[in-house]
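Listed here are the chains, written in short residue letters.
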Amino acid sequence: QKEVEQDPGPLSVPEGAIVSLNCTYSNSAFQYFMWYRQYSRKGPELLMYTYSSGNKEDGRFTAQVDKSSKYISLFIRDSQPSDSATYLCAMSENQAGTALIFGKGTTLSVSS
Amino acid sequence: KAGVTQTPRYLIKTRGQQVTLSCSPISGHRSVSWYQQTPGQGLQFLFEYFSETQRNKGNFPGRFSGRQFSNSRSEMNVSTLELGDSALYLCASSLRLAGGAEQYFGPGTRLTVT
């Protein structure tokens with residue numbers, strides 16, 4: 001079992017839909033959780049960063065962490081065609097000192 | 001402020017050859033990490049350099065090596081290329097060692113091994 005599991009999709013939704021992206025993990029020592037967005041031919045860019053359990057909201061994006069279930073989610077409200085990209089979850093045990101462990105990414109396509 | 005730059009952006013090499021990739025971090029950033037991204041394995045950590053010293057290393061064979069210069073620029077070398085080395089190689093820079101979420105990624109070098 002890989003440390004981080006993420007459904008690769010692809011996920012296709014119409015513009016305006018609510019999108020839910022998810023990752024599960026096995027290492028209970030993970031404390032820092034991140035979501036990256038990667039456009040084609042670009043490097044990943046950080047979208048959301050949360051520590052431990054709970055919710056964090058930033059505009060149309062909400063990140064949720066449930067450490068008891070070892071499950072994290074990213075919700076995108078009012079999805080736009082510009083949200084079409086690959087979304088990667090990433091985790092680490094420490095804020096600094098260890099490398100990030102990434103999921104394989106979910107490809108999202110939002111049609112207008 | 002300029003972002004992380006990587007050169008070249010695309011590269012085609014033959015099996016058995018060696019290749020060197022270059023990464024220039026954001027000005028002031030002292031840490032450079034390298035990652036390999038493939039459809040099958042996703043994004044995997046190769047190694048991290050900070051102040052010209054390798055500080056962290058992933059689970060890759062010794063054919064993968066790197067170095068960092070005094071200006072924080074970094075190079076990654078892969079010797080005796082194999083078909084499975086075809087991937088997008090990303091570097092990320094951060095202000096401090098193992099910057100975690102504070103890493104900023106470059107656009108990557110797409111390496112194709114034939």
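Conventions we followed
Residues numbered from 1 in each chain as written. Chains lettered and ligands numbered in written order. Predicted model: local features only at pLDDT ≥ 70, side-chain atom pairs only at ≥ 80, totals over all residues. Heavy atoms only, no water. Contact = heavy atoms within 4.5 Å. Buried area = accessible area lost by both parts, 1.4 Å probe. Salt bridge = Lys/Arg side-chain N within 4 Å of Asp/Glu carboxyl O. Polar contact = N/O pair within 3.5 Å; in protein donor to acceptor, adjacent residues only side chain to side chain. Helix = DSSP H or I, 4+ residues; strand = E, 2+ residues; numbered from the N terminus. Nonpolar A, V, L, I, M, F, W, Y, C, P; charged D, E, K, R; others polar. Buried < 20%, exposed > 50% of the residue type's maximum accessible area, 1.4 Å probe, protein only.

Asker: Can you walk me through the interface of chain A and chain B in this structure?
Answerer: As a measure of interface size, the accessible area lost when the parts come together is often cited. Every contact between the two is made by 19 residues of chain A and, on the other side, 24 residues of chain B. Each partner contributes to the roughly 1500 Å² buried at the junction of chain A and chain B, and carbon and sulfur atoms together form 54% of this total. It is A:Pro44, A:Phe102 and A:Lys104 that lose the most area in chain A upon contact with chain B, and together they represent 27% of the buried surface on that side. The interface formed by chain A and chain B includes zero salt bridges. Where chain A packs against chain B, one counts three residue pairs in polar contact (both at pLDDT 80 or more). Elements that contribute at least two residues to the side of chain A that touches chain B include exactly strand 4 (32-38) and strand 5 (45-51) of chain A. When the residues that make up the side of chain A that touches chain B are grouped by side-chain class, the tally is ten nonpolar, five polar and four charged.

Asker: What is the right way to look at the pattern of salt bridges in this model?
Answerer: Residues and elements named next belong to chain A. Evaluated as defined, the whole model comprises seven salt bridges over all chains. Here Arg77 ties to Glu57 by a salt bridge, and the two come within 3.5 Å at their closest N and O atoms. Separated by 20 residues along the polypeptide, Arg77 in the loop between strand 8 (71-76) and strand 9 (85-92) and Glu57 in strand 6 (residues 54-58) bring together distant segments of the chain. On the accessibility criterion, Arg77 (29% relative accessible area) is partly exposed.

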